[in-house]
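Residues per chain, in single letters:
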Amino acid sequence: MITRNQIPVLSIFLAVLLLVFSCEKPRSERELTGNPKIDKLKIPEGFRVEHLYSPGENEQGSWVAMTFDEKGRMITADQYGFLYRLTIPTIGSEDVTPKVERLIVGNVAEPQVGMGYAQGLLYAFNSLYVMVNHNPDDRFSKSTGLYRIQDLDGDDQYETVTEIRTFSGEPGEHGPHSLKLSPDGTHIVLSAGNHVDVPEMDQYRLPRVWDEDNLFPLIKDPRGHANNRKAPGGWIAQIDPEGKNWELIAAGFRNEFDIAFNEVGDLFTYDSDMEWDFGMPWYRPTRINHVTSGAEFGWRTGNAKWSPNYPDNLPAVLNIGQGSPTNVMFGTEANFPSNYRKALFAFDWSFGIIYAIHLTPLGASYQATAEEFLSGSPLPLTDGTIGPDGAMYFATGGRRLESDLYRVYYEGSPDSYQPLTESALPAEAKLRRDLEKYHQSPADPAGLELAWENLNHTDRFVQYAARIALEHQPIDSWKEKALTEPNAVKKTQAILALARHGQNADAVPMLQALMSIDYSGLSEKERQDLLRTIEVILYRFDEAANPIKSDLVTYLSPNFPADDNLLNRSLSVLLTHLNAPDAVEKTLALLKTAKDDSDYQKTFTSSAELVFRNPQYGLDIANMLANVPPAQATYFATVLGGAETGWTPEMREEYFAWIKNALTNYKGGRSYVGFLDRSRKMALSHVASEDFEKYDELSGGKLLTASGNDIANTGIQPEGPGRSWTVDEALAVVDTLEGRDFIKGKAMYQATLCQSCHTMQGEGGIIGPDLTQLGTRFSKKDILEATIHPSAVISEQYHATVFELREGGSVVGRLTNEDDANFYVSQNPFAPDNLRTVPKNTVAFTKNSDVSIMLPGLINRLNEEELKDLMAYLISGGNENHEVFQPQN
């Protein structure tokens, strides 16, 4: 998610004010209920939604986890409080309000209230398993970890609490999360984000030899996020019901909140992005991952995240886009049409979308398509499950937001359902499963033979499974074979395995073996795998490789630059690390001519589709989309930042001038400026001391704040302290405005970024209306109400429009025009002329959005005097001679 401080947002008055004077009223074919919590939802034809309950209205917190017990009752958890048990009326009841009781866990005299601080619940084995995510500050609360609570005396209350295991690390939203029953019903599978250390395991399907494995010049997040977190990031493990035996299944996630098994026992998750990285070459969108045995997905801190093309990690089956993943679940047990019973439902908290992911077996994995199943704004989705009645239940809330519980059911008669069976899987999937048996069993010559046979398999998931199977065999049984293998692809994969398990003495033989491969005879993927294997060897055994580095330069340099962006990334990193004489010159030339691949990590949901769905994040995205940084060039700039040798003065000037241009002309995620600044500072550390000041200025050093994380604002800034202003409090403060300071008022207008979107006296943005006449049309109270609560009342002129599509999904944006055949919709307020054409025959229903894209509370940075000066400036319309600026008598 993107923070409110990241990019300019609207400052006051109404929404990203959507001028649709000439457009006729939106059409309506779907019957609305009159309940805004239901009517704001988009749902496929044939489905019905029931709003069941609002826990916040009953002081029961914000619900983020749920499960059903053996009696069909729902158990939920408040993120910062208690557990609750619900008896829910049947579908179609006149009153669907559930009976809600707070669970008392443990001794009644000393209830274990901390059991409610849960982000994962599972009822199984006559027990409730609770994943507590909490730093306790009292003697009743439980520490972050997994607990089993039971009713052993039969009184329908949980009096027995068993601590299975506590976790170290940094609990919170990147802590331990979900719990699911294994497909065979004998184990529990659990997930944890990248702020939880991997606990000691009894077995490791992913061998415990992970490392950072990246020669790309390391820049940790400039704002400090996850800077002390090391490989392998988030992880998934399997345990027995008592929690005595732990087995690591996979790792390398950022923050996989939930997990789900399909009909044939394949495991999937929906991993998060690092939104502050948006626009950077290491940004990875939220994505659906097929989690196979021993899988690694390459999350590393800062800019060290692995490319999905690297052979030592697996790619996503589908990139979704920006968002905040929470729940995933299959519809297998739902009383839904067959296409939805087979679907994986993925929840996005930020933008209020439940995606239906349709998976079709393809080779050893799956191909995926997606549709927007359900959406709304605001709709901060937290958790969901299929109930025993075949309905979908989901909750909204989290972070103490308003919380609601919903039920979705299908009204018609579902079609015939034919489940996927293991026998129907492709041959590659069956082969992958055969290989995965050797991820769990003791060393076996048969496993070595099968693994070796498939190291050159063309299916990436089979090839990966084969290498992991090889790594589970004794190294002495295959090391020499790896070095002498005649097949180039098998040799590369086997040496990659050896690099992960080898020693310093293996470095030179491994590199010599790789250099015996005819590079020109390899495909682009095979070249990528070879370069990646060299990188892993140099990362782990750099000093031991010194005797052969000049030979490596001779081997690699003629192939640089290549005709492929990803190969050029790898070659630039390797040759710069090896101090190749012409590495800087070649990389700088690429920096100046680099073009991005339009299809690299292509996403299902484009960022433009999300702008109008969330006022907190939408304008941030819009601003970035209008000035997206060049990812490939930024990659080369980071590589050059770490280059110590090979520079001429002319090259330095070209490089530092590029950095300044990138700082001033592009907008990325919140850490974009900081990442560029750290590249800049790395490069400056390699210049002569007498040249430092010159290059510091040339590279934009004087434009930056002291931290280097932001472009400095040279104007007057709020001193605060601010407060969460209410309309009544603010109105009392601005009641009298004589003798205010015009210069400070204008500065507050700019500091709260009003000028980014609004025009006053001919200056400013054009997204919102001209505010020059604001004071002549609206009262102080009107202005404050529109600023503090922008969604309370939105003029008909300024609504965004939601277009629900006949084939699923929706389009949200500003309706600028229409003709007999089409709607013309602007989805980016910072690029209003970029229009999307929506054919009218594809639209089932249109309605006004009830949410202003303007962020509420934009005056909260200001103290009383600053608020007075701002209000005076607004009322004056930017007129310095207005009476509010005249001296008091």
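A. Representation of the environment of R540. For R540, the location among the structural elements is in helix α9 (residues 524-540). Measuring from C-alpha to C-alpha, the distance between R540 and M760 comes to 59 Å, with 220 residues separating the pair along the chain. When residues no more than four places from it in sequence are discounted, the contact partners of R540 are V209, W210, D211, D213, A499, R500 and N504.

B. Representation of the packing of aromatic side chains. Under the defined criterion, the tally for this structure stands at 35 aromatic pairs. Taking 5.3 Å as the distance between ring centres and 70 degrees as the angle between the ring planes, the aromatic pair formed by F268 and Y366 counts as edge-to-face. Of this pair, F268 sits in strand β16 (residues 267-271) while Y366 sits in strand β23 (residues 365-375), placing them 98 residues apart in sequence. Relative to F656, the ring of Y655 has its centre 5.3 Å away and its plane inclined at 65 degrees; by these criteria the two rings are edge-to-face. The ring of W276 carries the charged tip of R670 above its face, separated from the ring centre by 5.0 Å.

C. Quick look at a negative patch on the surface. Taken together, D728, E729, D782 and E785 make up a surface patch of like negative charges. For the negative patch, the secondary-structure elements that each account for two or more residues are α18 (727-733) and α21 (780-788). Topologically, D728 is positioned in helix α18.

D. Focus on the sheet that holds strand β33 (residues 843-848). Pairing within the open sheet is antiparallel, and its 5 strands lie in the order β32-β31-β30-β29-β33. Since the sheet does not close on itself, it has two edges, and those belong to β32 (835-839) and β33, each with one partner. In this sheet, adjacent strand axes meet at a mean angle of 45 degrees when their direction is disregarded. Across 5 bridges, strand β29 (residues 801-805) lies against β33 in antiparallel orientation. Paired with V802 across the bridge in β33 is K847.

E. Just the packing of α9 against helix α10 (residues 549-556), in detail. Running from N to C, α9 and α10 point in directions that differ by 165 degrees, and their axes come no closer than 13 Å. As judged from the angle between their axes, α9 and α10 are roughly antiparallel. The two elements α9 and α10 cross, and the hand of that crossing is left-handed. Listed contacts from α10 to L530, L531, I534 and L538 of α9 are K549, L552, Y555 and L556. Per-class residue counts for the contact of α9 with α10 are 7 nonpolar, no polar and 1 charged.

F. Representation of the nonpolar core. Ranked by size, the top nonpolar core spans 127 residues in total, and within it W235, L556 and Y655 carry the most contacts. Broken down by element, this core gets its largest block of residues, 8 residues, from helix α5 (residues 460-471). Residues F268, A346, F351 and L425 belong to the second largest nonpolar core, which totals 36 residues.

G. View of the sheet that holds strand β25 (residues 392-396). The strand order β1-β26-β25-β24 describes an open sheet built from 4 strands, whose pairing is antiparallel. Two strands bound the open sheet, and with one partner strand each, they are β1 (47-53) and β24 (381-386). Adjacent strand axes in the sheet meet at a mean angle of 20 degrees, parallel and antiparallel pairs treated alike. Note that β24 and β25 share 4 bridges and pair antiparallel. By the bridge assignment for β25, G384 is matched with F394.

H. Spatial organisation of the side chain of N255. Here N255 is to be found in the loop between β14 (246-253) and β15 (259-261). In this structure the side chain of N255 is engaged in a polar contact, spanning 2.8 Å, whose partner is the backbone oxygen of E173. Not counting chain neighbours up to four residues away, the residues in contact with N255 comprise E173, H174, H177, G193, Y270, D271 and S272.

I. Seen up close, helix α16 (residues 672-684). Over its 13 residues, α16 runs 18 Å from end to end, which matches the ideal 18 Å to within 8%, given 1.5 Å per residue. Extensive coverage of α16 is indicated by the burial of 11 of its 13 residues. Among the residues of α16, those classed as buried are Y672, V673, G674, F675, L676, D677, S679, R680, M682, A683 and L684. Those residues of α16 that are buried are in contact with α14 (631-641), α15 (649-665) and α17 (692-698).

J. Looking closely at unusual backbone geometry. Following F560, the chain continues into P561 via a peptide bond in cis, with omega recorded as 5 degrees. Mapped onto the elements, P561 comes out in the loop between α10 and α11 (565-577). Note the cis peptide between G720 and P721, where omega equals 0 degrees. Counting through the fold element by element, P721 comes out in the loop between α17 and α18. Located in the positive-phi region is N126, a residue other than glycine, with phi close to 55 degrees. By secondary structure assignment, the location of N126 is in the loop between β6 (118-124) and β7 (127-132). Owing to a relative accessible area of 64%, N126 belongs among the exposed residues under this scheme.

K. Focus on the pattern of salt bridges. Across all of its chains, the model carries 49 salt bridges by this definition. The shortest N-O distance in the salt bridge between E242 and R148 comes to 4.0 Å. One end of the pair, E242, is in the loop between β13 (234-239) and β14; the other, R148, is in strand β8 (residues 145-150), with 94 residues separating them in the sequence. Taking the relative accessible area as the measure of exposure, E242 reaches 43% and is therefore partly exposed. For R613, the salt bridge identified is with E372, shortest N-O distance 3.0 Å. On the criterion of sequence distance, the pair formed by R613 in the loop between α12 (583-593) and α13 (618-625) and E372 in strand β23 is long-range, its members being 241 residues apart.

L. Quick look at the pairing of strand β11 (residues 188-192). With respect to burial, β11 is a largely interior element, 5 of its 5 residues being buried. On β11, burial covers both faces: I188, L190 and A192 on one face and V189 and S191 on the other are all buried. Here 4 bridges tie strand β10 (residues 176-181) to β11, and the two strands are oriented antiparallel to one another. Bridge assignment links L181 to a residue of β11, and that residue is I188.

Basis of the calculations
Residues numbered from 1 in each chain as written. Predicted model: local features only at pLDDT ≥ 70, side-chain atom pairs only at ≥ 80, totals over all residues. Heavy atoms only, no water. Helix = DSSP H or I, 4+ residues; strand = E, 2+ residues; numbered from the N terminus. Contact = heavy atoms within 4.5 Å. Phe/Tyr/Trp six-rings, centres within 6.5 Å; stacked < 30°, edge-to-face > 60°. Lys NZ or Arg CZ within 6 Å of the ring centre and 35° of its normal. Patch = residues over 30% accessible without salt bridge, like charges linked within 9 Å, V, L, I, M, F, W, Y side chains within 5 Å. Areas by Shrake-Rupley, 256 points an atom, 1.4 Å probe, with all protein chains shown as cover. Salt bridge = Lys/Arg side-chain N within 4 Å of Asp/Glu carboxyl O. Lys, Arg positive; Asp, Glu negative; His and termini not counted. Charge placed at Lys NZ, Arg CZ, Asp CG, Glu CD. Pairing = 2+ DSSP bridges. Axes fitted to C-alpha atoms, helices over the stretch in contact; angles between N-to-C directions. Parallel < 35°, antiparallel > 145°, perpendicular 65-115°, else oblique. Left-handed = near helix turned anticlockwise from the far one by under 90°. Nonpolar A, V, L, I, M, F, W, Y, C, P; charged D, E, K, R; others polar. Core = buried A, V, L, I, M, F, W, Y, C linked by side-chain atoms within 4.5 Å. Buried < 20%, exposed > 50% of the residue type's maximum accessible area, 1.4 Å probe, protein only. Polar contact = N/O pair within 3.5 Å; in protein donor to acceptor, adjacent residues only side chain to side chain. Expected span 1.5 Å × (residues − 1).

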